[in-house]
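Read off the chains here:
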Amino acid sequence: MQFEVIKSIQDFKSIKNEWNLLFDKIHTCSIFQSFIFNYSSWKEMLSHSSSNSLFIIKIIEDNAMIGVLPLYNDSKNTLRFINDIHCDFCDIILSKEINLSVLFYSLIHDYKQTKIKLINIRKNSIIYSFGLDNNFSNIIFFPSEYFTSFQVKEGNYPDNYDKLLCRERGEIRRIIKKNSNCEHIILNKSNCDFPIDDILILRNKMISRGIRNNNFLTRNHLKLIQILYNNDLIEISCIRDKQIRALLFVMKNKDYKLYWIDVYDNNAYTATLYNYIAYIKSKSLISQICINLGRGDYNWKIKKFRPDIHELYTLNIFSNIFLKINYIIKSFILSKIKSIYIKFK
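Residues numbered from 1 in each chain as written. Predicted model: local features only at pLDDT ≥ 70, side-chain atom pairs only at ≥ 80, totals over all residues. Heavy atoms only, no water.

Of regular secondary structure, the chain possesses 11 helices and 15 strands. Taken over C-alpha atoms, the radius of gyration comes to 21 Å for the chain, in line with the 20 Å a tight globule of 345 residues would show. Projected onto its principal axes, the C-alpha coordinates of the chain cover approximately 65 × 50 × 40 Å. The buried share of the chain, reckoned over its 345 residues, is 51%. Long-range contacts, defined as pairs at least 24 residues apart, comprise 71% of the intrachain contacts of the chain with a sequence gap of at least 6. By element, 50% of the accessible surface of the chain is carried by carbon and sulfur atoms, the whole surface being about 17300 Å². The averaged location of the 33 negative side-chain charges in the chain is 7 Å from the averaged location of its 48 positive side-chain charges. (Helix = DSSP H or I, 4+ residues; strand = E, 2+ residues; numbered from the N terminus. Rg over C-alpha atoms; globule rule 2.2 N^0.38 Å. Buried < 20%, exposed > 50% of the residue type's maximum accessible area, 1.4 Å probe, protein only. Contact = heavy atoms within 4.5 Å. Areas by Shrake-Rupley, 256 points an atom, 1.4 Å probe, with all protein chains shown as cover. Lys, Arg positive; Asp, Glu negative; His and termini not counted. Charge placed at Lys NZ, Arg CZ, Asp CG, Glu CD.)

Another point: unusual backbone geometry. In the segment running from tyrosine 157 into proline 158, the intervening peptide bond is cis, with an omega of 10 degrees. Along the polypeptide, proline 158 turns up in the loop between strand 9 (139-152) and helix 6 (166-178). Backbone geometry places asparagine 63, a non-glycine residue, at a positive phi of 65 degrees. With respect to the helices and strands, the residue asparagine 63 is situated in the loop between strand 3 (56-61) and strand 4 (64-69).

What follows concerns the pattern of salt bridges. Oppositely charged side chains can pair when the atoms bearing their charge come close. By the definition in use, this model includes 17 salt bridges. The salt bridge partner of arginine 80 is aspartate 74, with a shortest N-O separation of 3.1 Å. In this structure arginine 80 comes out as buried when scored by relative accessible area, which is 18%. Look at the salt bridges and you will find they share partners, linking Lys205, Asp241, Arg245 and Asp265 into a network. (Salt bridge = Lys/Arg side-chain N within 4 Å of Asp/Glu carboxyl O.)

What follows deals with the nonpolar core. In terms of nonpolar packing, the biggest core is built from 92 residues, with Phe104 and Leu107 touching the most fellow members. Considering each element in turn, this core owes the most residues, eight residues, to helix 9 (residues 268-284). Once residues within four sequence positions are removed from consideration, phenylalanine 104 is found in contact with Leu69, Ile116, Leu118, Phe130, Phe136, Leu315 and Ile317. With 19 residues, the next largest nonpolar core counts Ile15, Cys29, Phe35 and Leu46 among its residues. (Core = buried A, V, L, I, M, F, W, Y, C linked by side-chain atoms within 4.5 Å.)

As for its position among the elements, leucine 273 is in helix 9. By relative accessible area, leucine 273 is classed as buried at 1%. Taking C-alpha positions, leucine 273 is 9.3 Å from isoleucine 172, a pair spaced 101 residues apart along the chain.

Structure representation (structure tokens):
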């Protein structure tokens, strides 16, 4: 097994076909591991900062690419997944199991990396298995986030979802009835151009009301989303009456639909919740559907959809014990400051 580091966007582009072939073989990968997501994320969002540098690991065996670890070095000289803050699930792409100890040892000792931070790791990842069982001393591995998901049978929602109580089904029917004056449509590249103007109107309303900050859905982020939409990897669930009230970007993964990002008008509860419900109702009329609500175990999602709750993990690898101790101390101080802030907020 050999490793090759890709540091230029030209070399990145050159492995497109190999990456796509690899990705198509692996059913556990999400769109976040696709070539187009990683390449477009780098080109549109990360490459504009001179403090970021590409550091993709191409894993080779018998002269063939068997894996990719899509990383970059950030301004703090930390190796991390490309666009990890916008990825609900991060992972290595592998066609066969390998010894990750060899890979991470090489990154630290041969390539002289001082810190590796891999976030949003699911339990079905080989990185999770490595985090639980390895012989590295300078590692911190811990659960750091949650995501939620649930399966709905084919039929008329909410009657086709057995986990809901009778009163909860009644509440969903009331929400549907209350929004009967609204139209629900699903936009995709075959029936609609990317609705950039509508997105910007709703985005700007959310920022002006203080619901999101000015970094929410930047122009570069929207370029990435538009590329995914135009490649049929995203569809948009839309609620409208005389105006567009809510838009939900849904990632079309192989085995499930992921609620990724939403924008909405005045009433977040009504617009967003009805959009979530209307999408499930529309899709489950045709076939059973697995809905992934993405990161976060928000109380309203738990109450309305009774999803399964799953943990996500973070793996930190340090080149020496001093960096590890420094990280522990800083994390402890930040957690105390955060708890004090929440207490007096």
